[in-house]
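Working through the structure, step by step
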Amino acid sequence: VRSTLHAHEAARADMREQREAAARTARALLIRSVLHDLRSPLLSISVIAHELGGATRASAHEGQLVATLKMCASFMESLLSDMLDWERIEAGRMEISLAPFHPAELLRGAVATFAHVGKQKR
(Lines give C-alpha, C1' and ligand atoms only; values in the text may rest on other atoms or scores of the structure.)
Protein backbone atom coordinates (compact mmCIF):
# COMPACT_ATOMS: atom_id res chain seq x y z
CA VAL A 1 0.00 0.00 0.00
CA ARG A 2 2.80 2.40 0.91
CA SER A 3 4.60 1.84 -2.38
CA THR A 4 1.36 2.52 -4.27
CA LEU A 5 0.81 5.68 -2.24
CA HIS A 6 4.38 6.86 -2.89
CA ALA A 7 4.00 6.11 -6.62
CA HIS A 8 0.73 8.06 -6.70
CA GLU A 9 2.33 11.04 -4.91
CA ALA A 10 5.33 10.94 -7.24
CA ALA A 11 3.02 10.90 -10.27
CA ARG A 12 1.09 13.89 -8.93
CA ALA A 13 4.31 15.79 -8.29
CA ASP A 14 5.50 14.96 -11.81
CA MET A 15 2.21 16.20 -13.30
CA ARG A 16 2.45 19.41 -11.26
CA GLU A 17 6.00 20.00 -12.52
CA GLN A 18 4.88 19.40 -16.11
CA ARG A 19 1.99 21.90 -15.74
CA GLU A 20 4.32 24.50 -14.24
CA ALA A 21 6.87 23.99 -17.02
CA ALA A 22 4.12 24.32 -19.65
CA ALA A 23 2.87 27.52 -17.98
CA ARG A 24 6.41 28.98 -17.95
CA THR A 25 6.86 28.13 -21.61
CA ALA A 26 3.50 29.68 -22.57
CA ARG A 27 4.30 32.80 -20.55
CA ALA A 28 7.72 33.14 -22.20
CA LEU A 29 6.20 32.75 -25.68
CA LEU A 30 3.54 35.35 -24.94
CA ILE A 31 6.06 37.84 -23.55
CA ARG A 32 8.42 37.32 -26.47
CA SER A 33 5.59 37.76 -28.97
CA VAL A 34 4.27 40.95 -27.34
CA LEU A 35 7.73 42.48 -27.07
CA HIS A 36 8.51 41.76 -30.71
CA ASP A 37 5.12 43.20 -31.73
CA LEU A 38 5.91 46.40 -29.81
CA ARG A 39 9.29 46.79 -31.52
CA SER A 40 7.88 47.55 -35.01
CA PRO A 41 5.75 50.58 -34.09
CA LEU A 42 8.49 51.76 -31.75
CA LEU A 43 10.98 51.63 -34.59
CA SER A 44 8.61 53.79 -36.67
CA ILE A 45 8.35 56.32 -33.84
CA SER A 46 12.11 56.40 -33.51
CA VAL A 47 12.62 56.95 -37.26
CA ILE A 48 10.03 59.75 -37.32
CA ALA A 49 11.65 61.41 -34.30
CA HIS A 50 15.06 61.34 -35.98
CA GLU A 51 13.58 62.72 -39.22
CA LEU A 52 11.88 65.52 -37.29
CA GLY A 53 15.13 66.22 -35.49
CA GLY A 54 16.85 66.85 -38.82
CA ALA A 55 14.11 69.15 -40.10
CA THR A 56 14.05 72.89 -39.46
CA ARG A 57 11.79 73.83 -36.57
CA ALA A 58 9.71 76.90 -35.99
CA SER A 59 10.64 77.21 -32.32
CA ALA A 60 13.05 76.06 -29.64
CA HIS A 61 10.09 74.45 -27.87
CA GLU A 62 9.46 72.19 -30.87
CA GLY A 63 13.13 71.23 -30.86
CA GLN A 64 12.87 70.34 -27.19
CA LEU A 65 9.78 68.23 -27.89
CA VAL A 66 11.55 66.32 -30.68
CA ALA A 67 14.59 65.76 -28.44
CA THR A 68 12.32 64.39 -25.72
CA LEU A 69 10.54 62.16 -28.25
CA LYS A 70 13.92 60.77 -29.35
CA MET A 71 14.94 60.13 -25.75
CA CYS A 72 11.64 58.42 -24.95
CA ALA A 73 11.88 56.22 -28.04
CA SER A 74 15.44 55.30 -27.12
CA PHE A 75 14.38 54.54 -23.55
CA MET A 76 11.54 52.30 -24.77
CA GLU A 77 13.88 50.48 -27.18
CA SER A 78 16.27 49.87 -24.32
CA LEU A 79 13.45 48.68 -22.07
CA LEU A 80 12.18 46.23 -24.68
CA SER A 81 15.70 44.92 -25.25
CA ASP A 82 16.19 44.50 -21.51
CA MET A 83 12.90 42.61 -21.18
CA LEU A 84 13.86 40.30 -24.05
CA ASP A 85 17.21 39.78 -22.36
CA TRP A 86 15.47 38.79 -19.10
CA GLU A 87 13.33 36.33 -21.02
CA ARG A 88 16.47 34.83 -22.56
CA ILE A 89 18.15 34.66 -19.15
CA GLU A 90 15.15 32.89 -17.59
CA ALA A 91 15.14 30.43 -20.49
CA GLY A 92 18.85 29.76 -19.95
CA ARG A 93 19.77 31.06 -23.41
CA MET A 94 21.91 34.04 -22.42
CA GLU A 95 25.01 34.76 -20.43
CA ILE A 96 25.35 38.00 -18.49
CA SER A 97 28.47 40.11 -18.88
CA LEU A 98 29.53 43.33 -17.19
CA ALA A 99 29.33 46.56 -19.20
CA PRO A 100 30.05 50.23 -18.48
CA PHE A 101 27.19 52.20 -16.98
CA HIS A 102 26.73 55.98 -17.02
CA PRO A 103 24.32 57.08 -14.25
CA ALA A 104 24.40 60.74 -15.34
CA GLU A 105 23.13 59.78 -18.80
CA LEU A 106 20.35 57.72 -17.24
CA LEU A 107 19.31 60.63 -15.01
CA ARG A 108 19.34 63.12 -17.90
CA GLY A 109 17.07 60.81 -19.87
CA ALA A 110 14.70 60.32 -16.93
CA VAL A 111 14.46 64.07 -16.31
CA ALA A 112 13.74 64.77 -19.98
CA THR A 113 11.20 61.97 -20.16
CA PHE A 114 9.19 63.07 -17.12
CA ALA A 115 9.71 66.84 -17.18
CA HIS A 116 6.35 67.42 -18.87
CA VAL A 117 4.58 65.49 -16.10
CA GLY A 118 6.18 67.74 -13.48
CA LYS A 119 5.17 70.88 -15.39
CA GLN A 120 1.57 69.67 -15.65
CA LYS A 121 1.37 69.07 -11.88
CA ARG A 122 2.42 72.58 -10.92
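An account of the accompanying structure is given in this report. These numbers come from a predicted model, not from an experiment.

Things to note about the environment of Pro-100
- As for its placement among the helices and strands, Pro-100 is situated in the loop between helix H2 (60–90) and helix H3 (103–121).
- Sequence spacing of Pro-100 and Ala-110 is 10 residues, and the spatial spacing of their C-alpha atoms is 18 Å.

Section: the packing of H2 against H3
- Between H2 and H3, the least distance of the axes is 9 Å, while the angle of their chain directions is 120 degrees. Taken together, the axis directions place H2 and H3 in an arrangement best described as oblique. Crossing geometry of H2 relative to H3 is assigned as left-handed. Counting all contacts with H2, which are made through Thr-68, Met-71 and Cys-72, the residues of H3 involved are Arg-108, Gly-109, Ala-112 and Thr-113.
- Its residues assigned to classes, the contact of H2 with H3 shows three nonpolar, three polar and one charged.

Concerning the pattern of salt bridges
- One pass over the full model with this rule turns up one salt bridge.
- Across the pair Arg-88 and Asp-85 runs a salt bridge, and its minimum N-O distance is 2.8 Å. Of this pair, Arg-88 and Asp-85 both sit in helix H2, separated by three residues, roughly a single helical turn.
- Classification of Arg-88 as partly exposed rests on a relative accessible area of 28%.

Reading guide: rules and limits
Residues numbered from 1 in each chain as written. Predicted model: local features only at pLDDT ≥ 70, side-chain atom pairs only at ≥ 80, totals over all residues. Heavy atoms only, no water. Helix = DSSP H or I, 4+ residues; strand = E, 2+ residues; numbered from the N terminus. Axes fitted to C-alpha atoms, helices over the stretch in contact; angles between N-to-C directions. Parallel < 35°, antiparallel > 145°, perpendicular 65-115°, else oblique. Left-handed = near helix turned anticlockwise from the far one by under 90°. Contact = heavy atoms within 4.5 Å. Nonpolar A, V, L, I, M, F, W, Y, C, P; charged D, E, K, R; others polar. Salt bridge = Lys/Arg side-chain N within 4 Å of Asp/Glu carboxyl O. Buried < 20%, exposed > 50% of the residue type's maximum accessible area, 1.4 Å probe, protein only.

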